Amino acid sequence: MIEQLDELYREVILDHFKSSAHKGALPNAPIHAEGSNPLCGDELGFDIALANGQIGQVRFHGKGCAISQAAASMLAAQLEGKTLPQARRIIETMQGLMQGRKLDPSVDLGDLEALSGVRKFPVRVKCAALSWNIVEQGLQSYKGQKQEAGS
Ligand code: ZN
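Below you will find a few notes about this structure.

Conventions we followed
- Along each chain, residues carry numbers from 1 onward, in the same order as the chain's sequence is written.
- Restriction of local features to residues with pLDDT of at least 70 applies here, the model being predicted, together with a cutoff of 80 or more for giving and counting side-chain atom pairs; totals for whole chains, interfaces and linings are based on all residues.
- Just so you know, side-chain values use all the structure's heavy atoms and leave hydrogens and water out.
- A run of H or I in DSSP counts as a helix once it spans at least four residues, and a run of E counts as a strand once it spans at least two, with each numbered from the N terminus.
- Radius of gyration: C-alpha atoms only; globule rule: 2.2 Å multiplied by the number of residues to the exponent 0.38.
- Only protein chains enter the accessibility calculation, which uses a 1.4 Å probe. A residue is then buried if its area is under 20% of the maximum for its type, exposed if over 50%, and partly exposed in between.
- Residue contacts follow a heavy-atom distance rule, with two residues in contact if any of their heavy atoms lie within 4.5 Å.
- The charge count includes Lys and Arg as positive and Asp and Glu as negative, but it does not include His or the ends of the chains.
- In this description, the location of a charge corresponds to atom NZ of lysine, CZ of arginine, CG of aspartate or CD of glutamate.
- When DSSP finds at least two bridges between two strands, those strands are taken to pair.
- Whenever a helix is involved, its axis is fitted only over the stretch in contact; in every case the axis is a line through C-alpha atoms, and angles between N-to-C directions fall within 0 to 180 degrees.
- Distances define the donors: N, O and S atoms within 2.8 Å of the metal qualify, as do those within 3.2 Å of Na, K or Ca. Water is excluded, so some sites may look unfinished.
- Any carboxyl oxygen of Asp or Glu that lies within 4 Å of a side-chain nitrogen of Lys or Arg is treated as forming a salt bridge with it.
- In this scheme, a helix's expected span is set at 1.5 Å multiplied by one less than its residue total.

1. Some words on the overall build of the protein
At step 1: Of regular secondary structure, the protein possesses four helices and three strands.
At step 2: Reading the protein from its N end, one meets helices and strands in the order α-β-β-β-α-α-α.
At step 3: Taking 2.2 N^0.38 as the reference for a compact globule, 151 residues should give roughly 15 Å; the C-alpha atoms of the protein span a radius of gyration of 15 Å, in line with that estimate.
At step 4: For the C-alpha atoms alone, the extent of the protein along its principal axes is close to 50 × 30 × 25 Å.
At step 5: Across the 151 residues of the protein, 45% fall into the buried class.
At step 6: Excluding contacts between residues fewer than 6 apart, the proportion of contacts in the protein whose partners are at least 24 apart in sequence is 57%.
At step 7: Treating the 16 positive side-chain charges of the protein as one cloud and the 17 negative ones as another, the clouds have centres 3 Å apart.

Here it is, written out as structure tokens:
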């Protein structure tokens, strides 16, 4: 399927697939979430550290196809340094993009934009979307915990 994507997108996706810059674990991070896409066999987990109200380091671990692993790497890179509302905005934008919605130019997607071609391949959308769906869950449960703690 990668062969059918535009060359520019393909290169960005393969670079991220091969990159280990954001692979690993952050055992003390306050946000952990994981999930899988049984249709393809993709499995991912994310650890997200916070510092001064912003996202610090983001690390992922898992296995699966090139699209799922590249999407995880792109998302990790794009979330670092963002506030939690900015992170939610990025996730919503990617979800919208996969549904064919028009891009909001005020949201900086970075390399994630290379995944826009994936929406032409409905089976692969689940591979790409696994990352942001997992992180969305992680952000939601973190928010829930904070509210329970009364802060
Ligand atoms: Zn996959």
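Read on for the rest.
2. Focus: the sheet that holds strand 1 (residues 31–37)
At step 1: Read across the sheet, three strands follow the order 1-2-3 without closing on themselves; strand pairing throughout is antiparallel. What marks the edges here is a single partner per strand, and that holds for strand 1 and strand 3 (54–63). Averaged over neighbouring strand pairs, the angle between their axes works out to 15 degrees when direction is ignored.
At step 2: By the bridge criterion, eight bridges tie strand 2 (residues 42–51) to strand 3 in an arrangement that is antiparallel. Note that in strand 3 the partner of Glu43 across the bridge is Lys63.
At step 3: In this fold helix 2 (residues 66–79) packs onto strand 2 and strand 3, with an angle of close to 170 degrees to the strand it touches most, strand 3.
At step 4: Sitting on the sheet, helix 4 (residues 122–148) is in contact with strand 1 and strand 2, with an inclination near 150 degrees to strand 1.

3. Topic: the coordination of the zinc ion
At step 1: At this site the zinc ion is bound by Cys40 (SG), Asp42 (OD), Asp42 (OD), Cys65 (SG) and Cys127 (SG), with donor distances of 2.2 to 2.6 Å.
At step 2: When the donor residues of the zinc ion are listed from N- to C-terminus, their spacing reads C-x1-D-x22-C-x61-C. Highlighted residues: Asp42 in strand 2 and Cys65 in the loop between strand 3 and helix 2, separated in sequence by 23 residues.
At step 3: Residue classification places Asp42 among the buried positions, given a relative accessible area of 0%.

4. Brief notes about the pattern of salt bridges
At step 1: The full count for this structure, using the stated rule, is four salt bridges.
At step 2: Across the pair Glu80 and Arg59 runs a salt bridge, and its minimum N-O distance is 3.3 Å. Here the residue Glu80 occupies a position in the loop between helix 2 and helix 3 (84–98), and Arg59 occupies one in strand 3, the gap between them amounting to 21 residues.
At step 3: When its relative accessible area of 28% is taken as the criterion, Glu80 is described as partly exposed.

5. Description of helix 3
At step 1: If you check helix 3, its first and last C-alpha atoms are 21 Å apart, about what 15 residues at 1.5 Å a residue would give, namely 21 Å.
At step 2: Residues of helix 3 that are buried include every one of Leu84, Ala87, Ile90, Ile91, Thr93, Met94, Gln95, Gly96, Leu97 and Met98, and no others.
At step 3: Of the surrounding secondary structure, the elements contacted by the buried residues of helix 3 are strand 2, strand 3, helix 2 and helix 4.
At step 4: Positioned one or two residues after helix 3, Gly100 has a phi angle of 85 degrees, which is positive.

Nothing here speaks to function; it is all geometry.
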